[in-house]
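Residue strings, one per chain:
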Amino acid sequence: MKKKPVEHNLPDSQDEKPLRLQAYESFTQQILSGNIRPGQFLSQRELMQLTDMPLGAIREMVPRLEAEGLIKTVPNRGLQVCYVDLKLVRNAFQLRLTLEREAVVQFTRNVSDADLEKIEAAHKDIVKRAKSRSIDSQLLTDAQAVDGGLHEMMIDSLGNEIISEIYRVNSLRIRLIRLENTILTSEGLLPSMTEHLELIAAIKTRDVDQALAALNTHIEVARSRMLAD
């Protein structure tokens, strides 16, 4: 008798995810969207409204956010979103540089020529759009996605889920820093894309030292910009 194929009930929709995970993802999306500000105080009820999740899911989410340093409980005040100060800026960018230096070495050696061509084309398209018209919010959003996409691709190329998760949480801290100062602006778009294209050019030559130097410059410029604002 022919056996029936085994059916695997794997979660493939938002509704099948645990509520605490849905709440966490919604919270982080609020950070990425700029709807949660650094240093902001929030009650659990306000978190329910922001994430559109039940109180039980919020209570289960809070310990994870506290462990990741994204919020802290302040007695008699409630939950405070990560506060941006000089120490946070320095620590977050130091961690970013440490992780990305390891990643860019492996990425330079292993990324395919085809992937590099796609990455470079995406950056050049942003530059072309920026030079041919006024820089509007949609272009800034697209540029931010291209910018972040390259860095995430480098990190994920390590194939280390622990590093990828650490990097993802640190990226949320940096997004909060940028909200406190400035996200990618019309003035910063072209310089940032230029720095990326220099990094991509170094990677295309498979020159690890040159790629490291380009990465160091790019991250140092970003850190200095945050400290100057």
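For the structure itself, look to the data block above.
Because the structure is predicted, anything quoted here is derived from the model rather than measured. (Residues numbered from 1 in each chain as written. Predicted model: local features only at pLDDT ≥ 70, side-chain atom pairs only at ≥ 80, totals over all residues. Heavy atoms only, no water.)

**Things to note about the pairing of strand S2 (residues 71–74)**
Thinking step 1. In the sheet, S2 pairs with strand S3 (residues 78–81) via four bridges, with the strands oriented antiparallel. Looking across to S3, one finds that Thr-73 is bridged to Leu-79.
Thinking step 2. Counting the residues between successive antiparallel strands, the hairpin from S2 to S3 contains three residues, one of them, Asn-76, with a positive phi of roughly 65 degrees. (Pairing = 2+ DSSP bridges. Helix = DSSP H or I, 4+ residues; strand = E, 2+ residues; numbered from the N terminus.)

**Some words on helix H2 (residues 44–51)**
Thinking step 1. The set of residues buried in H2 consists of Leu-47, Met-48 and Thr-51. For H2, the angular spread of buried residues about the axis comes to 105 degrees, placing them on one side. Those residues of H2 that are exposed and aimed more than 90 degrees away from the buried face are Arg-45 and Gln-49.
Thinking step 2. The inward-facing, buried residues of H2 contact helix H1 (19–32), strand S1 (41–42), helix H3 (55–67) and S3.
Thinking step 3. Remark: Asp-52 follows H2 within two positions and exhibits a positive phi of approximately 60 degrees. (Buried < 20%, exposed > 50% of the residue type's maximum accessible area, 1.4 Å probe, protein only. Arc of directions from axis to C-beta. Contact = heavy atoms within 4.5 Å.)

**Comments concerning unusual backbone geometry**
Thinking step 1. Positive phi, close to 60 degrees, is recorded for Asp-52, a residue that is not glycine.
Thinking step 2. Following the sequence through the fold, Asp-52 ends up in the loop between H2 and H3.
Thinking step 3. You will see that Asn-76, though not glycine, has its phi angle at about 65 degrees, which is positive.
Thinking step 4. Along the polypeptide, Asn-76 turns up in the loop between S2 and S3.
Thinking step 5. Of the residues examined, Asn-76 reaches a relative accessible area of 84% and is grouped as exposed.

**Quick notes on the sheet that holds S2**
Thinking step 1. The three strands lie next to each other as S1-S3-S2, forming an open sheet whose pairing is antiparallel. Every other strand in the sheet has two partners, leaving S1 and S2 as the edge strands with one partner each.
Thinking step 2. As paired elements, S1 and S3 share two bridges and run antiparallel to each other. By the bridge assignment for S3, Leu-42 is matched with Leu-79.
Thinking step 3. The sheet contacts of H3 involve S2 and S3, and relative to S2 the element is tilted by about 110 degrees. (Axes fitted to C-alpha atoms, helices over the stretch in contact; angles between N-to-C directions.)

**Here's the deal with the pattern of salt bridges**
Thinking step 1. On inspection of all chains with the given rule, the structure shows 13 salt bridges.
Thinking step 2. Ionic pairing is found between Glu-68 and Arg-168, a salt bridge with its closest N-O pair at 3.9 Å. Here the residue Glu-68 occupies a position in the loop between H3 and S2, and Arg-168 occupies one in helix H7 (residues 161–180), the gap between them amounting to 100 residues.
Thinking step 3. The network of salt bridges with common partners includes Arg-64, Glu-68, Glu-165 and Arg-168. (Salt bridge = Lys/Arg side-chain N within 4 Å of Asp/Glu carboxyl O.)

**Some remarks on the packing of aromatic side chains**
Each aromatic ring pair is described using two quantities: the centre-to-centre distance and the angle formed by the ring planes.
Thinking step 1. This structure, assessed with the given rule, holds zero aromatic pairs.
Thinking step 2. Directly above the aromatic system of Tyr-24 lies the positively charged group of Arg-64, at a separation of 3.6 Å from the ring centroid. (Phe/Tyr/Trp six-rings, centres within 6.5 Å; stacked < 30°, edge-to-face > 60°. Lys NZ or Arg CZ within 6 Å of the ring centre and 35° of its normal.)

**Looking at the packing of helix H4 (residues 86–110) against helix H6 (residues 137–156)**
Thinking step 1. Relative to each other, H4 and H6 sit at 75 degrees, their axes nearing to 8 Å. With respect to H6, the axis of H4 lies roughly perpendicular. Here H4 contributes Arg-96, Leu-99, Glu-100, Ala-103, Val-104 and Phe-107 to the contact with H6, which in turn contributes Leu-150, His-151, Met-153, Met-154 and Ile-155.
Thinking step 2. Residue composition of the contact of H4 with H6, by class: eight nonpolar, one polar and two charged. (Parallel < 35°, antiparallel > 145°, perpendicular 65-115°, else oblique. Nonpolar A, V, L, I, M, F, W, Y, C, P; charged D, E, K, R; others polar.)

Taken by themselves, the reported measurements are silent on function.
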